[in-house]
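# Inside the fold
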Amino acid sequence: MAVNVYSNYPPELTSDQEDFLVQTVKNWSVEHALTVRPSTAIVSQEINTNNVLATNAPVTLFPSPFPKACFQQARCLQQVYNELYAAIASDQEWLEAVLKELIEVDDFLANLWKIHLAVKEEGYVQDLTLGLFRSDYMLHTPDDAPPSLKQVEFNTISSSFGGLSVKVAQLHTHLATYPSAKQPVAYPPHALFARPDKDSSNGPSINTIGHPPPNSAVSTLTAGLAAAHNAYGPSKSIPQLPPCILFLVQDNERNVFDQYALSTNLYEEHRIPSFRLPTSKILTSTSIPSKETNPNRPLIYTPPSSPETQYEVTVVYFRALYAPSEYDLPTSWAARLHLERSAAIKCPTVLLQLSGSKKIQQVLTSLPPEADHLQHFLPGHDASILSNLRSTFAPQYSLSSEGTASDSDEIQGVRLALSPTTAQHHVLKPQREGGGNNIYRTNIPPFLASIPRSQWKQYILMELIQPPTSAKNVALRSDGQVVRGNVISELGIFGTALWKTSTGSSKPDILHNTEGGYLLRTKANDSDEGGVAAGFSSLDSLILYEDL
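Residues numbered from 1 in each chain as written. Predicted model: local features only at pLDDT ≥ 70, side-chain atom pairs only at ≥ 80, totals over all residues. Heavy atoms only, no water.

Where an unreviewed UniProt entry is consulted, the protein appears under the name Glutathione synthetase, with the organism given as Exophiala mesophila. We quote the UniProt Pathway (unreviewed entry) comment for the protein here in full: "Sulfur metabolism; glutathione biosynthesis; glutathione from L-cysteine and L-glutamate: step 2/2." Recorded in UniProt under Sequence similarities (unreviewed entry), the annotation for the protein is "Belongs to the eukaryotic GSH synthase family." (UniProt positions renumbered as here; feature names shortened; annotations may be inferred.)

Structure (structure tokens):
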């Protein structure tokens, strides 16, 4: 059915139409800060010595068709997913049992776990945790079956592109409706843009509003930050200090305008000041009073531009420190420990970051009667909701077995990974975020053969999702190049949760749980990786269709 939707989409463009559309997108993007700092591959460091330039973010020229039922399913499940990961991050014993074997061979995870143990020994002074999440999905259409939703991953740290995804939806809405929805000048006539809403052609009936659905990602994410800021309570400093939120960012951040969309909204809508703190400046720009002076351990921020002014940090929002490569200074791990032991609410805590490991995702896919993890973490939900959640899981396998007969799941994973015939249908994933880390298809067996078998348990094996093969779109890259062809899209749904975990309890008391906003990333169908910042994908939006 989806094949018919894509059969004449996107509409053909004459050279004059394409020139007009591309120039409109470029101008609109700069006007509305749908932009990124250019990479050195586009503008050399010698030319952009002061890092002042910006260019349009990579975007598609048209919104991509997406089944309305799958979009609604993803939205409906987000608050349940929020609750699930809040419960996982609150259960230290379960996390330790799952991650123990990884900590033995993965220095990055081991160092994160050591930070938790160090703060636990000293005593945590903050029992609130904030999660700004994004659950990523692809459409699964094996053998041209009707599309179903399969989860790629669940992001618990630095869930990015909420700011720019809102602007892409606004851009595509502008293109589809200016100067009027019935007669836009940027887009040629097409059933997906037309009103009335029903397509009378022989293909599937289309039920659409003619442009992307509203995207509330910015307001959703900033409302979560504001909820945590307010829950922090009065200043713990002596004397009391004005409060603020810190955005922890990479020193050479290119995706700065996505982040500014949040910080600007945070102040305009909630009157909460926020500051950007590069990771290299954590220990020089923040401090914690000694235990003797103040056992509450408030995190104090001193803006470099105003050294006589101090703020008390209510929330540290991590848009950095999710990859081992970011811990490149001698003080990097000390800086992370410094933040974790403070009274500031962390988004995320070390435990929540660890909960986003691929190993956790793989373990959750275990089916009863071996272990019903969903029932354990979500006891208040009926079977239909858990079944709906489980339907989004793609088959995943552990590679941790040494070959014992009792570990059937691990043996199956190893067998599937080592055979070129079966490996071609799978992806090998390490416990990493940020894109560019996975091993695909027939590259899996030789890769495993190149590393010690004791290292295999760092990885999980996931069956590849089979997206529609006939989807097409046109993209405008950040260097101005226009590319077209068959594409694959990945949908992310944003959600936020704030919870309290009492001492001695493994059950979170959820104070705030919301869903709102989406990200669509679209890439060429021959590209395995999907990161926008890494240069693989373009930002996109949805145009919903419904098969009647």
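## A word on the packing of helix H6 (residues 162-177) against helix H8 (residues 256-270)
The interhelical angle for the contact between H6 and H8, taken along N-to-C directions, is 90°, at an axis separation of 6 Å. One finds that H6 runs roughly perpendicular with respect to H8. Contact residues: Gly162, Gly163, Leu164 and Lys167 in H6; Phe257, Asp258 and Ala261 in H8. When the residues that make up the contact of H6 with H8 are grouped by side-chain class, the tally is 3 nonpolar, 2 polar and 2 charged. (Axes fitted to C-alpha atoms, helices over the stretch in contact; angles between N-to-C directions. Helix = DSSP H or I, 4+ residues; strand = E, 2+ residues; numbered from the N terminus. Parallel < 35°, antiparallel > 145°, perpendicular 65-115°, else oblique. Contact = heavy atoms within 4.5 Å. Nonpolar A, V, L, I, M, F, W, Y, C, P; charged D, E, K, R; others polar.)

## Section: the side chain of Ser355
By the secondary structure assignment, Ser355 is in helix H11 (residues 350-355). Residue class for Ser355 comes out buried when judged on its relative accessible area of 0%. For Ser355, the contacting residues outside a window of four places in its chain are Tyr85, Ile88, Ala89, Leu95 and Ile360. (Buried < 20%, exposed > 50% of the residue type's maximum accessible area, 1.4 Å probe, protein only.)

## Examining the packing of helix H7 (residues 217-231) against H8
The N-to-C vectors of H7 and H8 enclose an angle of 65°; their axes lie 9 Å apart at closest approach. In terms of orientation, H7 lies roughly perpendicular with respect to H8. Of the two possible hands of crossing, H7 and H8 adopt the one that is right-handed. Residue-level contacts link Val218, Ser219, Leu221, Thr222, Ala223, Leu225 and Ala226 of H7 to Ala261, Leu262, Asn265, Leu266 and His270 of H8. (Left-handed = near helix turned anticlockwise from the far one by under 90°.)

## A short note on unusual backbone geometry
In this model, Ile238 is joined to Pro239 through a cis peptide bond whose omega is -5°. The residue Pro239 is located in the loop between H7 and strand E7 (243-249) in this model. Put simply, Cys347 and Pro348 share a cis peptide bond, and its omega is 10°. As for its placement among the helices and strands, Pro348 is situated in the loop between strand E12 (345-347) and H11. Even without a glycine there, the phi angle at Arg297 is positive, about 55°. Relative to the elements of secondary structure, Arg297 occurs in the loop between strand E9 (286-287) and strand E10 (300-301). The phi torsion at Leu321 lies on the positive side, around 65°, for a residue other than glycine. Following the sequence through the fold, Leu321 ends up in the loop between strand E11 (311-318) and helix H10 (332-340). Judged by its relative accessible area of 2%, Leu321 is buried.

## Side note on H7
With 15 residues, H7 should reach 21 Å at 1.5 Å per residue; the first-to-last C-alpha distance of 21 Å fits that figure. Across the 15 residues that make up H7, a large majority, 11, are buried. Listed in full, the buried residues belonging to H7 are Ala217, Val218, Thr220, Leu221, Thr222, Gly224, Leu225, Ala226, Ala227, Ala228 and His229. (Expected span 1.5 Å × (residues − 1).)

## Re the sheet that holds strand E16 (residues 460-463)
What the 4 strands build is an open sheet, ordered E13-E16-E14-E15; its pairing is antiparallel. Each of the sheet's edge strands pairs with one partner strand only, and the pair in question is strand E13 (396-398) and strand E15 (439-440). With 3 bridges joining them, E13 and E16 adopt antiparallel strand pairing. Paired with Tyr397 across the two strands is Leu461, which belongs to E16. (Pairing = 2+ DSSP bridges.)

## Side note on the pattern of salt bridges
Following the criterion strictly, the structure yields 16 salt bridges and no others. The partner of Lys291 in a salt bridge is Glu122, with the nearest N and O atoms 3.6 Å apart. Of this pair, Lys291 sits in the loop between E9 and E10 while Glu122 sits in helix H5 (residues 107-122), placing them 169 residues apart in sequence. In this structure Lys291 comes out as partly exposed when scored by relative accessible area, which is 47%. Among the residues examined, Glu122 registers a relative accessible area of 27% and is labelled partly exposed. Residues participating in the shared-partner salt-bridge network are Glu122, Lys291, Arg297 and Arg341. (Salt bridge = Lys/Arg side-chain N within 4 Å of Asp/Glu carboxyl O.)

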